[in-house]
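# Secondary and tertiary structure notes
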Amino acid sequence: MGNLIPFWYIIIAVLWTGFFILEGFDFGVGMLHAVIGTDEAGRRAAINTIGPLWDGNEVWLIVAGAAMFAAFPGWYATMFSAYNLALVLLLASLIVRGVAFEYRGKRDAARWRRTWDVLLTAGSLLAPLLIGVALAGLLHGLPINSAQNFTGSFWDLLQPYALFTGITLVLICLLHGATFLCLKTTGDMRERSWRVARRVAPFTGAAVIGFIIWTHVTASSAFFLNVIELLAILAVIAAVWLVYDHREGFAFAATTVTIAACIISIFVDLYPNVMVSSTSKADNLTVHNTASGGYSLKVMTVVVIILLPVVLAYQTWTYYVFRRRVSRQEFQPPASSVPDGVPPKPVTNPEVGPTTTSGH
Amino acid sequence: MTNVDLARVEFAFVSINHFFFVPITIGLAFLTALLQTAWVRSKRDEYLRLTRFFGTLLVINVAIGVVTGIVQEFQFGMNWGQYSRLVGNIFGAPLAMEGLAAFFLESTFLGLWLFGWDRLPRRIHLLTIWAVSFGSALSAAFILAANSWMQHPVGYVMVNGKPQLNDIWAVFTNPVFVWGYAKVLFASLVTGAVVMLAVSAWQLRHGGEREVFTRSARLALIILVPAILFTMLVGDELGVIEARYQPMKIAAAEAQWTTCQPCSFSLFQIGGGNDDQTPTQIIEIPHLLSLLATNHWNGQVVGLNPLQSQYTKQFGPGYYVPNVFIQYWAMRAMAYLGVLVLLISVWGLWLIRRKKLATSRVFLWVAVWGAVLPFLMNTAGWFLTESGRQPWIVQGIMLTKNGISPTVSTTTLWISLIAFILLYGTLGTVDLILMLRYSREQLPPPRTETDADAPVPAVLY
């Protein structure tokens with residue numbers, strides 16, 4: 001029974017990591033879509049690289065939150081109450097961003113689309129920033145009393161370390177999104193994605209190294225970095241190098257490892273605490289003083305062991321179905337004059353061969 | 001307003017808004033899946049055109065349903081911290097299962113459905129819309145199981161004054177859940193079918209393709225008649241079950257202060273409320289309340305006053321009567337609106353028999369405006385259920401006023417409430433504008449004979 005508590009801590013770390021690996025590039029694409037796509041067709045192409053995927057990716061966040069609720073109700077209650085206003089902002093960002101995907105093409109008017117483009121960009125930037133601030137707060141410490149209640153205000157969340165973590169996550173998502181776009185676009189868009197990736201990479205590299213060191217100093221008294229922290233630094237260096245070396249597949253793999261290692265290091269350095277109290281060490285929330293009863297954890301364990309592999313299987317299949325690159329030509333001339341955005345016949349794409357269509 | 005009031009208003013506001021989009025998603029996803037199945041089986045072009053047409057309306061609503069759903073999950077922790085802390089080990093479990101089993105399914109397969117038209121074999125692609133439909137219906141099951149536990153807690157033991165889950169099976173066989181879930185499913189079908197009927201009616205009135213939209217109107221009506229009947233029958237049984245576990249809820253719905261046997265049901269009343277125990281009740285139907293609350297002709301309904309003194313003995317001093325005014329009128333609004341929907345649907349069915357559905361302009365006008373009815377009906381139903389549980393957040397275990405986050409300030413609550421009102425107000429307006437616009441679009445053009453086997457283009461952003 002006791003083993004299920006660390007097991008669930010790992011599951012929650014896995015869910016957050018999965019969320020950032022997948023939604024990380026969605027955030028990046030959201031921030032960059034108007035940079036990579038210089039005209040309407042280009043912007044649509046950029047958005048459509050994640051079109052079929054972003055919604056399923058975002059569910060990782062919902063499940064991470066629900067898993068915290070079920071497995072560590074005390075953690076969920078304290079964290080979500082403490083972050084109340086920050087979460088309102090986060091929800092607003094996620095909402096306008098999610099709606100922007102569906103609605104921006106639903107009216108053929110330049111101002112309508114521009115509005116949604118701005119909201120998509122802003123939402124995609126604010127969301128990782130706020131989540132970064134939130135995760136960092138767990139580790140850095142917040143005023144929490146002996147009844148496990150947060151006693152500070154919104155401004156207590158905005159510590160330098162938390163803000164730096166937020167900015168670091170935004171920069172990783174930017175690079176992750178840029179390398180994703182290199183993999184998923186063609187022609188001049190692909191070129192622009194490379195340029196953006198090269199421009200962002202040094203900043204991401206510096207930020208990740210700074211973040212890892214700062215995290216290490218905050219959480220640990222050991223001199224040497226632990227394996228995961230080391231991995232994050234190596235991965236980001238590799239990512240920068242691979243971006244400059246123009247190796248798109250490997251570059252994307254490296255940004256994936258970077259984002260995963262950064263999130264995992266937060267969770268590794270946090271354990272066995274789940275929220276550090278800056279008021280008194282005795283008031284720290286830990287996996288043990290916030291966990292659910294043994295029976296609940298057992299039930300949830302059975303459910304997650306059965307369902308998570310199934311989810312991974314069909315999400316992988318989705319990525320396989322939509323593996324093709326998206327080109328700007330598919331969206332020219334603007335299909336908005338046709339209801340429902342019916343595109344012209346698929347265009348043969350010189351770089352990846354004829355598009356496969358299996359219609360029967 | 002106190003912090004408890006603010007937190008309640010906020011939760012009610014985001015939930016009611018969320019539940020505008022949930023039933024239409026569940027209902028329209030099912031109907032769209034039916035249309036696409038008809039197309040795959042019959043290969044008739046009009047079914048494809050209808051699938052695409054109503055699929056667009058579905059997607060407009062799913063978008064908001066999904067994002068407002070995240071707010072729901074966060075609300076418990078944000079404003080109801082003590083509640084979450086106390087019951088998370090029970091209430092959180094179905095929520096996590098919902099995410100794993102239903103949200104992933106619904107969201108991933110929605111992407112596959114929209115973008116997969118030209119990538120997937122036809123039958124596999126058909127399965128993706130059924131997965132969306134199944135996922136949306138499944139998610140309602142888990143959240144209803146969680147909500148039913150608040151109405152009638154089962155499957156737990158008290159350990160040091162805290163409820164601990166000890167039987168998950170009991171949570172999913174809770175009679176309040178089984179009947180409540182059935183009711184939500186049927187009400188969702190009603191909502192989807194009424195919307196499909198309204199859109200078809202508008203099209204028929206305004207020169208849309210007569211043959212095609214008559215087909216969708218007929219499909220909507222064929223689903224609607226049994227769906228509304230079952231909504232009412234299941235609702236009746238749910239009333240009996242709630243009368244057993246939450247007698248206050250049902251007594252308040254009739255403003256029944258004293259015990260009665262047999263009990264009559266009043267169509268209207270003047271006055272009433274928690275301070276007025278002698279309202280003027282108009283047109284009383286003998287025995288009807290006995291039937292509704294107990295399934296027996298001469299069943300007994302315990303009044304609010306005896307219940308109040310019983311609860312005071314059991315739980316200590318306090319006021320345990322829910323808001324009687326809300327209960328009385330929510331119950332009637334729900335029932336009367338349901339009857340209206342039933343009448344419209346039977347009228348429509350009769351017109352189908354007479355082959356006059358497409359030409360009866362009066363019926364078509366009524367059917368268009370009928371679109372608002374299920375939304376009001378659903379909202380009234382939730383008022384009845386949730387307000388009727390008060391003053392409890394979990395019946396018999398925790399009072400609502402003890403469930404909030406103790407250190408979230410009044411200012412914070414005001415800011416978040418206003419933020420959600422502004423955000424949802426804007427989104428609701430945009431959704432409505434888009435729904436109206438796309439309901440009035442022409443059907444996608446028919447495909448030529450030679451195109452019939454060609455891939456259908458995907459829906460792209």
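Provided above is the structure to which this section pertains.
Note that this is a predicted model, so its numbers are computed, not measured.

What follows concerns the overall build of chain B. The secondary structure content of chain B amounts to 14 helices and six strands. Here the C-alpha radius of gyration of chain B, 23 Å, is about what a compact globule of 461 residues would show, namely 23 Å. By its C-alpha atoms, chain B is 80 × 50 × 40 Å across when sized along the principal axes. Expressed as a percentage of its 461 residues, the buried residues of chain B come to 56%. Long-range pairs, those at least 24 residues apart, make up 77% of the contacts in chain B between residues at least 6 apart in sequence.

This paragraph deals with the interface of chain B and chain A. Taken together, the contact between chain B and chain A spans 70 residues of the former and 67 residues of the latter. Listed by contribution, the elements that provide at least two residues to the side of chain B that touches chain A are helix H2 (45-79), helix H3 (81-115), strand E2 (162-165) and helix H14 (410-439) of chain B. For the side of chain B that touches chain A, the element with the highest residue contribution is H3(B), accounting for 24 residues. For the side of chain B that touches chain A, the per-class residue count stands at 43 nonpolar, 18 polar and nine charged.

For the bond running from B:Gln261 to B:Pro262, omega is -5 degrees, close enough to zero to count as cis. One can find B:Pro262 in the loop between helix H8 (247-253) and strand E3 (265-270). Cis geometry marks the peptide bond from B:Gln390 to B:Pro391; its omega dihedral reads 5 degrees. Following the sequence through the fold, B:Pro391 ends up in the loop between helix H13 (372-387) and strand E5 (392-394). In this structure, A:His246 is a non-glycine residue whose phi angle is positive, near 65 degrees. On the secondary structure map, A:His246 appears in the loop between helix H9 (227-244) and helix H10 (248-270). With a phi angle near 70 degrees, B:His287 is a residue other than glycine that sits in the positive phi range. By secondary structure assignment, the location of B:His287 is in the loop between strand E4 (280-285) and helix H9 (288-294). A tally of 15 C-beta atoms within 10 Å means that B:His287 is categorised as partly exposed.

In this model, helix H1 (residues 3-42) of chain B (40 residues) spans 58 Å end to end at C-alpha, consistent with the 58 Å of a helix rising 1.5 Å per residue. Of the residues trailing H1(B), B:Lys43 is marked for its positive phi of about 60 degrees.

Taken residue by residue, a regular strand's side chains alternate between the two faces of the sheet. All names here are of chain B. Pairing geometry for strand E1 (residues 156-159) and E2, over four bridges, is antiparallel. Within E2, the residue paired with Tyr156 across the bridge is Leu165. What sits between E1 and E2 in their antiparallel hairpin is a turn of two residues, with Asn160 showing a positive phi close to 50 degrees.

What counts, and at which threshold
- Residues numbered from 1 in each chain as written.
- Chains lettered and ligands numbered in written order.
- Predicted model: local features only at pLDDT ≥ 70, side-chain atom pairs only at ≥ 80, totals over all residues.
- Helix = DSSP H or I, 4+ residues; strand = E, 2+ residues; numbered from the N terminus.
- Rg over C-alpha atoms; globule rule 2.2 N^0.38 Å.
- Buried ≥ 20, exposed ≤ 12 C-beta atoms within 10 Å, placed from the backbone.
- Contact = placed C-beta atoms within 7 Å.
- Nonpolar A, V, L, I, M, F, W, Y, C, P; charged D, E, K, R; others polar.
- Expected span 1.5 Å × (residues − 1).
- Pairing = 2+ DSSP bridges.

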